[in-house]
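In case you want the letters, here they are:
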Amino acid sequence: MTQEQAVLFELLRAGLWEKEVEDLSLFPLSADSWQEIYLQARRQTVSGIVYRGLSYLPEAFFPPQPLLIRWVALVDRIEGKNRQMNLLLSQIADCFRRSGWMAVVQKGQGTASFYESPLLRECGDMDFYFPDPKAGEAVLSAMQAGGCRLKKAPDGSVSYFRKGILIEHHPDLLDLQNPFLRKKISAWIRQYGFEEIALPDGGAEIFVPSPLLHLLLLNTHIM
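What counts, and at which threshold
- Residues numbered from 1 in each chain as written.
- Predicted model: local features only at pLDDT ≥ 70, side-chain atom pairs only at ≥ 80, totals over all residues.
- Heavy atoms only, no water.
- Helix = DSSP H or I, 4+ residues; strand = E, 2+ residues; numbered from the N terminus.
- Areas by Shrake-Rupley, 256 points an atom, 1.4 Å probe, with all protein chains shown as cover.
- Lys, Arg positive; Asp, Glu negative; His and termini not counted.
- Charge placed at Lys NZ, Arg CZ, Asp CG, Glu CD.
- Disulfide = S-S within 2.5 Å.
- Buried < 20%, exposed > 50% of the residue type's maximum accessible area, 1.4 Å probe, protein only.
- Contact = heavy atoms within 4.5 Å.
- pLDDT = per-residue confidence, 0-100.
- Axes fitted to C-alpha atoms, helices over the stretch in contact; angles between N-to-C directions.
- Parallel < 35°, antiparallel > 145°, perpendicular 65-115°, else oblique.
- Nonpolar A, V, L, I, M, F, W, Y, C, P; charged D, E, K, R; others polar.
- Core = buried A, V, L, I, M, F, W, Y, C linked by side-chain atoms within 4.5 Å.
- Expected span 1.5 Å × (residues − 1).
- Pairing = 2+ DSSP bridges.

Looking at this model, I keep getting lost on the overall build of the chain. Mind explaining?
Tallying secondary structure elements over the chain gives eight helices and seven strands in all. Seen through its principal axes, the chain has C-alpha atoms that stretch 60 × 40 × 30 Å. Roughly 12600 Å² of accessible area belongs to the chain as shown, and the carbon and sulfur atoms make up 54% of that amount. Counting 23 positive and 26 negative side-chain charges, the chain places the averaged centre of each group 9 Å from the other.

Help me understand the state of the cysteines in this model?
Covalently bonding the sulfur atom of one cysteine to the sulfur atom of another cysteine gives a disulfide. Summed over all chains, the structure comprises zero disulfides. The thiol of C95 is unpaired, and the distance to the nearest cysteine sulfur, on C148, comes to 11 Å. Note on C95: relative accessible area 28%, which makes it partly exposed. By relative accessible area, which is 9% here, C148 ends up buried.

Please explain the environment of T111 as it appears in this structure.
If you trace the backbone, T111 turns up in helix α5 (residues 108–112). Expressed as a C-alpha distance, the spacing of T111 and F96, which sit 15 residues apart in the sequence, is 20 Å. Beyond its immediate sequence surroundings of up to four residues, T111 is in contact with R121, H214 and L218.

Quick question: what am I supposed to make of the confidence of the model for the chain here?
The predicted coordinates should not be examined in detail at positions where pLDDT is low. In this model, the chain carries an average pLDDT of 94, and 100% of its residues clear a pLDDT of 70 or more. Across the chain, the element-wise mean pLDDT spans from 88 in helix α7 (residues 179–192) up to 98 in helix α2 (residues 31–43).

Help me understand the packing of helix α1 (residues 3–17) against helix α3 (residues 47–54) in this model?
Geometrically, a packed helix pair is captured by the angle between its two axes and the distance between the axes. Here α1 crosses α3 at 85°, and the two axes come no closer than 7 Å. Taken together, α1 and α3 sit at an angle that is classed as roughly perpendicular. Counting all contacts with α1, which are made through L8, L11, L12, A14, G15 and L16, the residues of α3 involved are I49, V50, R52, G53 and L54. Residue classes in the contact of α1 with α3 are distributed as eight nonpolar, two polar and one charged.

Would you mind showing me how to read the nonpolar core here?
The nonpolar side chains of soluble globular proteins are, as a tendency, buried together. With 28 residues, the main nonpolar core has L11, F27, W34, V50, L57 and W71 as its most contacted residues. Among the secondary structure elements, those contributing two or more residues to this core are α1, α2, α3 and α4 (65–99). In this structure, L88, A103, V139 and A204 belong to the second largest nonpolar core, which totals 26 residues.

How do you make sense of α1 when you look at a structure like this?
An α-helical turn contains 3.6 residues, so any two residues separated by three or four positions project in the same direction. Between its first and last C-alpha, α1 extends 21 Å over 15 residues, near the 21 Å set by a 1.5 Å rise per residue. Of all the positions in α1, only E4, A6, V7, L8, E10, L11, L12, A14 and G15 are classed as buried. Following α1 by one or two positions, E18 has its phi on the positive side, about 55°.

Looking at this structure, I do not really get the pairing of strand β7 (residues 205–209). What am I missing?
Side-chain direction in a regular strand flips from residue to residue, so the side chains alternate between the two faces of the sheet. Sheet topology places strand β6 (residues 194–198) next to β7; five bridges connect them, and they run antiparallel. Pairing of E195 across the sheet is with V208, part of β7. Here β6 folds back onto β7 in antiparallel fashion, the turn holding six residues, of which D201 has a positive phi close to 60°.

Mind showing me how you'd approach unusual backbone geometry here?
Most peptide bonds take the trans configuration, and most residues that are not glycine carry a negative phi. The omega torsion of the bond from F27 to P28 falls at 0°, within 30 degrees of zero and hence cis. The residue P28 is located in the loop between α1 and α2 in this model. Despite not being glycine, E18 has its phi angle at roughly 55°, a positive value. Despite not being glycine, K107 has its phi angle at roughly 55°, a positive value. Looking at the element boundaries, K107 is found in the loop between β1 (104–106) and α5.

Laid out in C-alpha cells, this is it:
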C-alpha cells in the first residue's frame, strides 16, 4: 500500500466514524501526494467523507490552500445535490403516500441515513421497489401520463427522469436469480420487512429495508 492510499483510508475512517486520525506519522504530505489523494477520493466517490476526515487533522497537516478550496467547492456541490435529491424524494414519497402506494427506497438516500453526515455521501439515481406489483404499475402509468418517458431494461426494471434525476423501479428487492435463494429471500422479506425513517432537514418519511435486508441489498449490489 502506498502512503497516499494509507492516508486515504485513515481519512476515510476518521470521516465515517467521526473520530481523530489515528496515524499522524503519515503526515505531512507533499502537494503532489495530496493531489493524488484528492483524485483517488473522487474516483471512489468518497470525496465528502474524506473531506470530513480532514477536519480531524491538525491544521499544519492540511492540504495546500488551492486544493483545499477546490475540495470545499466539491463538497458544497455534493451537499447541494443531496438536498435536491432529498427534496424530490420527499415530494415523491408524499405523493405515493396520498395515493396509497407503498414504495421502498433501495440504497441511495436510505443508505445515507446510516452516515453521521448523510449529506456528504455522494448520491446518484433514485431506486424504488414496490412490494405490491400493482402499485408499481400504477406509479409508472401516472408518471407516463405526466410526461415521463419510460425506458425498460432486460432485467425488468423501468427508468425515467424526474426534474433531471434518474429514477429506477426494480421488480425485485434483491437481484439474485437462484430459485433456492429467491425462496429464502421471499421468506426474509416477509419476516423482516421494512421500516420508516425521516429524511434530513425535516423531509418526509420514507420506507427502507430493515437492517438485515439492507445489508443483503448492499452486499448483493456489490456482487
